[in-house]
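# Overview (structure and organization)
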Amino acid sequence: MIYNNNMNARYRYRIYPTSEQQLALAKLFGCVRVVWNDALGYCNYERSEGRAKPKNADLQKRFITQAKKTIEREWLLEVSAVPLQQSLNDLDQAYKNFFDSVKGKRKGQRVKPPRFKKRKSKQSARFTKAGFSIKGNKVYLAKIGNLETVWSRPLPSQPSSVTVIKDAADRYFLSFVVEIEPIVLLPSHKSIGIDLGIKTFATLSNGEKIDAPKPLKKKLKRVKKLNRRLSRKTKSSKRREKARKRLAKLHAKVADTRTDFLHKLSTRLIRENQAIVLEDLNTSGMMKNRKLSRAISDLGWSTFRQFLEAKAEKYGRDFRVIDRWEPTSQVCHCCKARFGKLDLSVRTWTCMNCDTTHDRDVNAAINIQVAGGHSETQNGRGGRRKTNALLAASSETSTTPKAIQLSLFDMHGITVALVR
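This one's a predicted model, so the numbers in the text were calculated from it and none came from an experiment. (Residues numbered from 1 in each chain as written. Predicted model: local features only at pLDDT ≥ 70, side-chain atom pairs only at ≥ 80, totals over all residues. Heavy atoms only, no water.)

## What to know about the packing of aromatic side chains
Worth spelling out the cut-off: Any Phe, Tyr or Trp ring, taking Trp's six-membered ring, that has another such ring centre within 6.5 Å forms a pair; planes under 30 degrees apart are called stacked, those over 60 apart edge-to-face, and the others tilted. Secondary structure counts use DSSP, requiring at least four H or I residues in a row for a helix and at least two E residues in a row for a strand, with both numbered from the N terminus. In our convention, an over-ring charge means Lys NZ or Arg CZ found within 6 Å of a ring centre and within 35 degrees of that ring's normal.
In the structure shown here, the tally under the stated rule is nine aromatic pairs. Measuring from ring centre to ring centre gives 5.9 Å for W151 and F176, while their planes differ by 25°; the resulting arrangement is stacked. Of the two residues, W151 sits in the loop between β5 (145–150) and β6 (161–166) while F176 sits in strand β7 (residues 172–179), which places them 25 residues apart along the sequence. Among the aromatic residues, those joined into a cluster by ring pairs are Y13, F132, W151 and F176. For K135, the ring lying beneath its charged end belongs to Y140, and the centroid distance is 4.9 Å.

## Comments concerning the pairing of strand β1 (residues 8–15)
Stated precisely, the cut-off is as follows: Strands are treated as partners if at least two bridges between them are detected by DSSP.
By the bridge criterion, eight bridges tie β1 to β7 in an arrangement that is antiparallel. Note that in β7 the partner of I15 across the bridge is Y172.

## Side note on helix α10 (residues 360–371)
Along an α-helix, residues three or four apart share an orientation, since each turn contains 3.6 residues. The condition is simple: What a helix is expected to span follows from its residue count: subtract one and scale by 1.5 Å. What qualifies as a polar contact is a pair of N or O atoms within 3.5 Å, subject to a donor-acceptor requirement within protein and to the restriction that residues adjacent in sequence count only when both atoms come from side chains.
The terminal C-alpha atoms of α10, which comprises twelve residues, lie 16 Å apart, in line with the 16 Å expected from a rise of 1.5 Å per residue. The N-terminus of α10 is capped by D359, whose side-chain oxygen sits 3.0 Å from the backbone nitrogen of D361. Positive backbone phi, approximately 100°, marks G373, located one or two places after α10.

## Observations regarding the sheet that holds strand β4 (residues 138–141)
Convention followed: Axis lines are fitted through C-alpha atoms, for helices just across the contact stretch, and the angle between N-to-C directions can take any value from 0 to 180 degrees. Should any heavy atoms of two residues lie within 4.5 Å, those residues are considered in contact.
Reading across the sheet, the seven strands line up as β2-β6-β7-β1-β5-β4-β3 and stay open at both edges, with antiparallel pairing between neighbours. The open sheet has two edge strands with one neighbour each: β2 (123–128) and β3 (132–135). Each strand axis lies, on average, 35° off the axis of its neighbour in the sheet, ignoring direction. Inspection of the sheet shows β4 paired to β5 by four bridges, in the antiparallel sense. Counterpart to Y140 in the pairing with β5 is N146. Sheet contacts for helix α1 (residues 19–48): β2, β5, β6 and β7; angle to β2, the most-contacted strand, approximately 90°.

## Quick notes on the pattern of salt bridges
Stated precisely, the cut-off is as follows: Should a side-chain nitrogen of Lys or Arg be within 4 Å of a carboxyl oxygen of Asp or Glu, the pair is scored as a salt bridge. Burial classification: accessible surface area is computed with a 1.4 Å probe over protein chains only, and a residue below 20% of its type maximum counts as buried, one above 50% as exposed, and the rest as partly exposed.
Taken as a whole and assessed by the stated rule, the structure comprises 21 salt bridges. A salt bridge links D170 to K166; its shortest N-O distance comes to 3.7 Å. We classify K166 as partly exposed; its relative accessible area is 21%.

## Here's the deal with helix α2 (residues 56–65)
Formally: Arc definition: it is the arc formed by the directions from the helix axis to the C-beta atoms.
Of the positions making up α2, those classed as buried are N56, L59, Q60, F63 and I64. In a view along the axis of α2, the buried residues occupy a sector of 105°, so they form one face of it.

## Notes on the sheet that holds strand β11 (residues 275–279)
The mixed open sheet is built from five strands, whose spatial order is β10-β9-β8-β11-β12. Bordering the open sheet on either side are β10 (209–210) and β12 (318–322), each of which pairs with just one other strand. Taken together, the four bridges between strand β8 (residues 191–196) and β11 define a ladder with parallel strand orientation. When the bridges of β11 are listed, S191 appears paired with A275.

## Quick word on the nonpolar core
Heads up, the condition is: Take the buried Ala, Val, Leu, Ile, Met, Phe, Trp, Tyr and Cys residues and link them wherever side-chain atoms come within 4.5 Å; each set so joined is a nonpolar core.
Ranked by internal contacts, the top residues of the largest apolar core, which has 41 residues, are L28, L84, F127, L141, V164, L174 and F176. Taken together, the elements giving at least two residues each to this core come down to β1, α1, α2, α3 (81–103), β2, β4, β6 and β7. For this core, the element with the highest residue contribution is α1, accounting for eleven residues.

## Comments concerning unusual backbone geometry
Comment: phi is negative for the bulk of residues other than glycine, and the bulk of peptide bonds are trans. In this structure, K143 is a non-glycine residue whose phi angle is positive, near 65°. Relative to the helices and strands, K143 resides in the loop between β4 and β5. Positive phi is not limited to glycine here, since K214 has a value of about 45°.

## As for the pairing of β4
Of the two faces of β4, the one lined by V139 and L141 is fully buried and the one lined by K138 and Y140 carries no buried residue. Looking at chain direction, β3 and β4 are connected through four bridges and run antiparallel. Bridging from a neighbouring strand, K135 pairs with K138 of β4. In this antiparallel pair of consecutive strands, β3 and β4, the connection spans two residues, and G136 shows a positive phi of 70°. In this structure, the hairpin formed by β4 and β5 is closed by a connection of three residues, where K143 is found at a positive phi of approximately 65°.

## A word on the environment of K225
Inspection of the secondary structure puts K225 in helix α5 (residues 220–232). The exposure class assigned to K225 is partly exposed, which follows from its relative accessible area of 35%. It is 9.3 Å that separates the C-alpha atoms of K225 and L247, two residues lying 22 residues apart in sequence.

## Re the side chain of D100
Among the structural elements, D100 can be located in helix α3. Note on D100: relative accessible area 17%, which makes it buried. In contact with D100, not counting residues within four places along its chain, are K105 and R106.

Here it is in structure tokens:
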């Protein structure tokens, strides 16, 4: 489930349409896709000619109302007009997000312009209240019929819209948008800092280390084998389609395993702690490293952050993100002495100022928690411990003074003395 600022939630359920309903849904997905692609192509042409993007009302009139009267698009009458209208509404919103991103009005990563929809990828169509109704255990969609739905949990309120989805593995879902009220949990005085990593998914400031299932890594040989089989099949053949579905089902299983782990972990952390502090990682930049991109995408850091942020809003918890340039791995959390950047192979090190031996990840998690603004974690006194003048000066720079020797333990337990 993904929640927004208006406390809307998405509840998704599996459906099993009959063969006739699958054919009707295929027509619906095709019509939605054609209307989107026709309007997008027209908008691209207008912009290439130096003209402004047409208004949504003009697009609705040209590519739905008038298109139904032509011989080339008369089959648009066979499906409900509601999802066709919503398709163009979504296109208009996609363009708005793109323009706002270019002008700097939209926060976050830069949004790319809308793209054409493909027939082999994920398909969807959205119905508003005028196009669907719930009748007992079944959901009625206009010109589709009553769909057999697996109600894994009850809806908390009357849905405002529903999206019928067919993924690449040929599974069908209904995604309802409903309004929910915040759930007030019992107040907790605990706060937690989380240091995300590759070998260990998350290291908590209380010393707990959590390993990720890494589903793609476990299924990598199988994925490569199915990819090779798919590449050998003749394009547009039945055998190629069969091989594509087999690969898509494996990817769907990998994604479901990862999502289940992230949901359970984020829910546990939200329920146990009043405040959760996370580091702002440059995930998109790290993904450009071809040696790390597969491992990072298999962990799902960005999804984990989205889940924490959304569930913190739902349950009334405090979620904070510290700056990515905070030197959490370079500072001793006991005396606050900073010794400069450490090599990634160094997993354990000893502070020469207070003689405290630190686990690299646990120390970083504690510093993340402190950087989040929780004074109760700062040596139990609500402030920083005093250091000598030499170490205080060294904490202002990222280099280690020549007179200081830093005793480190690498990942094999060998002591290394660094002298600068």
